[in-house]
Amino acid sequence: MPSSWILVTGAGGEMGHALIHALSQTGAAIVATDLRPLPDGIADSCAAVLTGPEGDVTRTEFVQSALRYPIERIFHLAAVLSTAAERDPVRAHHINVDGTLNVLELAHQLGSEHQRSIRVLFPSTIAVYGFASLEEKMRHVQVREDQALQPQTLYGIAKLHCERLGEYYARYYRRLSGEAPWVDFRAIRFPGLISADTLPTGGTSDYAPEMLHAAAQGQPYRCFVRPDTQIPFMAMPDGVRALLMLADADREQLSQHVYNIGAFAPTAADLAQTIAGYFPGATISFDVDQRRQAIVDSWCADVDDTAARQDWGWMPQYTYERAFSEYLIPAIKHRYANVLAS
Ligand code: AKB
């Protein structure tokens, strides 16, 4: 018997791979959904895989299919990232907002059907923060959750709206007083994530993982933001660990629904220097894409994650140095061992 049933949307994405790998060690039965078929390595770890219309969070077929399983927790990862969202805002709004509304409705229906509280874990983003100028950005280096909520991108606007929707569902669909709500909504505002195993698609923080993966394969990289660009980043294992920690926290411990988490906040020049230090042949140049630059310039330089540390004990395992020396570099050298050997 599985210990519990867990739904993961957007399972084929970057974080989905790492999260399913971690969840599969817990004995949980995973229902994974994605538009496209999942790679065998991921699909084999799941009790059920829903793809096509059943895996599309914007469709009613998705809600109806997911209701067949006694799901207790939902990790709603399906989303269009920031650069891709700016290229097609209407599609991004549909997937990011209407898809999240469907997930919240699903959680409400699961909760009332099985008479229990459903934990909905929502990866939000530092894109909810917005600064009109670099001077303003550097005046608020470590933003708190309630500051600078003026997102400049469709992605940030949609994520902030979905945070508010989740809070609304948690407040509106209440059970008897004193009990957890049907929809127990919990969100983390993620910084850019760097994985040694996978590359993101359509994000704007992508320059960090792209720079690393290019260097590890001996390929030149043209970074699309200025060297002085600064936003927060985190190693993927810490991102997954944070989601699992927040999912496991008792509701009474949580003073808010939405949390910042921080780890390190290098400039693009810091990243280039560190990566070139590990891969001395690396050729990294800067060729600014003004639209993508404007996106990261509007995001915060770093976050204040005091609430997450106090409420549920958040603490990154990987500082900047440890992320490279103990995770990224050994794992990526292993991953591209054949390329490096040839
Ligand atoms: C993106 O670049 O769009 C994401 C994010 C920071 O949310 N990685």
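Structural data are supplied above this passage.
Here is a short report on the structure shown in this document.

Reading the values: the criteria
- Residues numbered from 1 in each chain as written.
- Predicted model: local features only at pLDDT ≥ 70, side-chain atom pairs only at ≥ 80, totals over all residues.
- Heavy atoms only, no water.
- Buried < 20%, exposed > 50% of the residue type's maximum accessible area, 1.4 Å probe, protein only.
- Helix = DSSP H or I, 4+ residues; strand = E, 2+ residues; numbered from the N terminus.
- Pairing = 2+ DSSP bridges.
- Right-handed = clockwise from strand over helix to strand, strands pointing away.
- Near = heavy atom within 4 Å.
- Polar contact = N/O pair within 3.5 Å; in protein donor to acceptor, adjacent residues only side chain to side chain.
- Areas by Shrake-Rupley, 256 points an atom, 1.4 Å probe, with all protein chains shown as cover.

**Re the pairing of strand β2 (residues 29–33)**
The element β2 is extensively covered by neighbouring structure, given that 5 of its 5 residues are classed as buried. Neither face of β2 is open: one carries Ala29, Val31 and Thr33, the other Ile30 and Ala32, and all of them are buried. Direction of pairing for strand β1 (residues 5–9) relative to β2: parallel, over a ladder of 5 bridges. Among the inter-strand pairings, Thr9 is bridged to a residue of β2, identified as Thr33. Of the crossover connections in this fold, the one passing from β1 over helix α1 (residues 14–24) to the parallel β2 is right-handed. Relative to strand β3 (residues 48–50), β2 runs parallel, the two sharing 3 bridges. Pairing of Ala32 across the sheet is with Val49, part of β3.

**As for the site of the ligand**
Taken together, the residues surrounding the ligand are Leu81, Ser82, Thr125, Tyr155, Gly203, Thr204, Ser205 and Trp299. One of the side-chain nitrogen or oxygen atoms of Ser82 is found 2.5 Å away from an oxygen atom of the ligand. Between the ligand and the protein, one listed contact pairs an oxygen atom with a backbone N or O atom of Thr204 at 2.7 Å. When the ligand is considered free in solution it has 250 Å² of accessible area, and contact with the protein chains removes 91% of it.

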